Amino acid sequence: GTREYYVSRVEASYFDPGTAYISLDGHRSDDLKPYIYVTRDYGKTWAPLASNLPQFGNVNTIKQDPKNPNLLYAGTEFRFFVSLDEGKSWKKFMTDLPVVRIDDVIVHPRDHDLVLATHGRAPYVLDDIRPLRELSEAVQKKPLHLFAVPDGQQYRVAQGAGERFPGNAEFRGESEPYGVPITLSLNAPGLPHPVVEKEPARKEKEAREEEGAPPQE
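Procedures and definitions
- Residues numbered from 1 in each chain as written.
- Predicted model: local features only at pLDDT ≥ 70, side-chain atom pairs only at ≥ 80, totals over all residues.
- Heavy atoms only, no water.
- Helix = DSSP H or I, 4+ residues; strand = E, 2+ residues; numbered from the N terminus.
- Buried < 20%, exposed > 50% of the residue type's maximum accessible area, 1.4 Å probe, protein only.
- Contact = heavy atoms within 4.5 Å.
- Polar contact = N/O pair within 3.5 Å; in protein donor to acceptor, adjacent residues only side chain to side chain.
- Phe/Tyr/Trp six-rings, centres within 6.5 Å; stacked < 30°, edge-to-face > 60°.
- Pairing = 2+ DSSP bridges.
- Axes fitted to C-alpha atoms, helices over the stretch in contact; angles between N-to-C directions.
- Core = buried A, V, L, I, M, F, W, Y, C linked by side-chain atoms within 4.5 Å.

Engineer: Help me understand the environment of Glu86, please; the structure alone is not making it clear to me.
Structural biologist: When you line up the elements, Glu86 lands in the loop between β7 (80–83) and β8 (91–92). Residue class for Glu86 comes out buried when judged on its relative accessible area of 13%. Spatially, the C-alpha atom of Glu86 lies 9.3 Å from that of Tyr73, the residues being 13 residues apart in sequence. If we ignore the near neighbours within four places in the chain, the residues touching Glu86 are Tyr21, Arg40, Leu49, Pro69, Asn70 and Leu72. Side chain to side chain, Glu86 and Tyr21 meet in a polar contact 2.5 Å long.

Laid out in structure tokens, this is it:
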């Protein structure tokens, strides 16, 4: 069983004092399966939440979103996953995130940014996850959904007079673009696939369905 495995993370619920989540790490015992559990009775009983996570990739961290009780984050040895239904199902998340170990996850309490700590690939930041918090199965079924638009900030970047030579002592990341982001969810027939390389296959499948041809395996 998993009784002798390391507890990689304990996460107390933001919403219920009797609820907590834990992740177990069995890689030291040659077990790379994911283990996530939840208790709702102060630790008397525990129920598994790993559900459809890949069976190869131990879990390093489990976190609950501080605003949405059903939104969970899991960092494994190879990927990052989110669950919109408190662990009933998981989906790989963050476009262009490389295959890398995720050691920790935080959500910035003021800016609502999702920050990932990776092993060897630097931090990754996803700006303003409030649309993710608002996302649900009902929203995804709607033909069009406009997520809440955040407040914008008007600012100007100014460089002080004179020359400076900070060398490697100064670190700068990419700033947010000017303006206010508008996030939409579209679910209508005929929309192009968001991944350009998969668009030809989508068109071919659509054409076959219009002709009444059986789907290809």
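From this point, the narrative continues.
Engineer: What's the story with the packing of aromatic side chains in this structure? I'm lost.
Structural biologist: Aromatic ring pairs: the centre-centre distance and the angle between the two ring planes describe each pair. Scanning all chains against the criterion turns up five aromatic pairs. Measuring from ring centre to ring centre gives 6.4 Å for Tyr14 and Phe15, while their planes differ by 65 degrees; the resulting arrangement is edge-to-face. Here Tyr14 falls in the exposed class, since its relative accessible area comes to 51%. Residue Phe15 is classed as partly exposed on the basis of its relative accessible area, which comes to 39%. Linked through ring pairs, Tyr73, Phe80 and Phe93 together constitute an aromatic cluster.

Engineer: What exactly am I supposed to notice about the pairing of strand β3 (residues 35–39) here?
Structural biologist: A regular strand places its side chains on the two faces of the sheet in alternate fashion. Buried residues dominate β3, accounting for five of its five residues. Neither face of β3 is open: one carries Tyr35, Tyr37 and Thr39, the other Ile36 and Val38, and all of them are buried. Relative to strand β4 (residues 47–48), β3 is paired through two bridges, and the arrangement is antiparallel. Within β4, the residue paired with Tyr37 across the bridge is Pro48.

Engineer: Teacher, can you tell me more about the sheet that holds strand β9 (residues 102–107) here?
Structural biologist: Backbone-to-backbone hydrogen bonds pair the strands of a sheet. The strands run either parallel or antiparallel. Strand order in this open sheet of three strands is β9-β10-β11, and the pairing throughout is antiparallel. Two strands bound the open sheet, and with one partner strand each, they are β9 and β11 (124–126). Direction aside, the axes of adjacent strands within the sheet are offset by 15 degrees on average. Here strand β10 (residues 114–118) runs beside β11; their pairing, made up of three bridges, is antiparallel. Within the sheet, the bridge partner assigned to Leu114 lies in β11 and is Leu126.

Engineer: So what exactly am I meant to see when it comes to the nonpolar core here?
Structural biologist: Side chains of nonpolar character tend, in soluble globular proteins, to be buried together. Among the nonpolar cores identified, the biggest contains 14 residues, and Tyr73, Phe80, Ile102, Val105, Leu114 and Leu116 are the most heavily contacted of them. At the level of elements, β7, β9 and β10 are the ones that each hand at least two residues to this core. At three residues, the largest contribution of residues to this core is made by β9. In contact with Leu116, other than residues within four places in its own chain, are Phe80, Met94, Leu97, Ile102, Asp104, Val105, Ala122, Pro123 and Tyr124. Ranked by size, the runner-up nonpolar core spans twelve residues in total, among them Ile36, Leu49, Ala50 and Trp90.

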